[in-house]
Amino acid sequence: MSEGHPGEAGGRSFERVAGELRERMASGRYPLNSLLPPQCEDLEAAKLVPSVEVRIRHTPLTPTFKLYVINGVEVLHGPYQVVERELALDSGEQVRALDVLGLGATLTHHVQDGDPDSAGSVFVSTMRNWYDSVWNMLSEAR
């Protein structure tokens, strides 16, 4: 697992599996790319939020945690668990692979309050700065 994940379990053909999965995400065939924008737009149409803007960018990082920044002052954060599972490649081939389990990841809630030195404020500020640095320095629009 020293090469990263996702990749084929047992160290076999890591680049083949990882390369195909990266291409799937970059080409827009990754489910989140097509599901998230209309769901967010539905919130605006139902007048549940005043406005919505969805921008999806891709980075060369292997995901290690889930992060939601809400209105710039709240954060939901949870680490991914590395699991071994079956993945279907675009060729139809099934491979046993190391991947991250995002569904069901336990999320912790952090709030930026009036005290800039409180644990919540420091955590929210740190995660926003990390997110902004990855968005601005490493990510690409696709």
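Just above, that's the structure.
Residues numbered from 1 in each chain as written. Predicted model: local features only at pLDDT ≥ 70, side-chain atom pairs only at ≥ 80, totals over all residues. Heavy atoms only, no water.

Asker: I tried to follow the overall build of the chain on my own but got confused; where do I start?
Answerer: Looking only at helices and strands, one finds 3 helices and 8 strands in the chain. Moving toward the C terminus, one meets the helices and strands of the chain in the order β-α-α-β-β-β-β-β-β-α-β. The proportion of buried residues among the 142 residues of the chain is 28%. Put simply, 53% of the contacts in the chain that link residues at least 6 apart link residues at least 24 apart. Element-wise, carbon and sulfur atoms account for 54% of the exposed surface of the chain, whose accessible area totals about 9,500 Å². (Helix = DSSP H or I, 4+ residues; strand = E, 2+ residues; numbered from the N terminus. Buried < 20%, exposed > 50% of the residue type's maximum accessible area, 1.4 Å probe, protein only. Contact = heavy atoms within 4.5 Å. Areas by Shrake-Rupley, 256 points an atom, 1.4 Å probe, with all protein chains shown as cover.)

Asker: Which parts of the structure should I look at to understand the pattern of salt bridges?
Answerer: One pass over the full model with this rule turns up 3 salt bridges. The salt bridge involving Arg-55 is made with Glu-53; its shortest N-O contact spans 3.1 Å. Relative accessible area serves as the criterion here: at 63%, Glu-53 is assigned to the exposed category. Between Arg-96 and Glu-86 there is a salt bridge; the shortest N-O distance is 3.6 Å. (Salt bridge = Lys/Arg side-chain N within 4 Å of Asp/Glu carboxyl O.)

Asker: Please clarify how the pairing of strand β5 (residues 81-88) should be interpreted in this entry.
Answerer: The side chains of a regular strand alternate between the sheet's two faces. As judged from the 8 bridges shared by β5 and strand β6 (residues 94-101), these two strands associate in the antiparallel manner. Looking across to β6, one finds that Glu-84 is bridged to Leu-98. (Pairing = 2+ DSSP bridges.)

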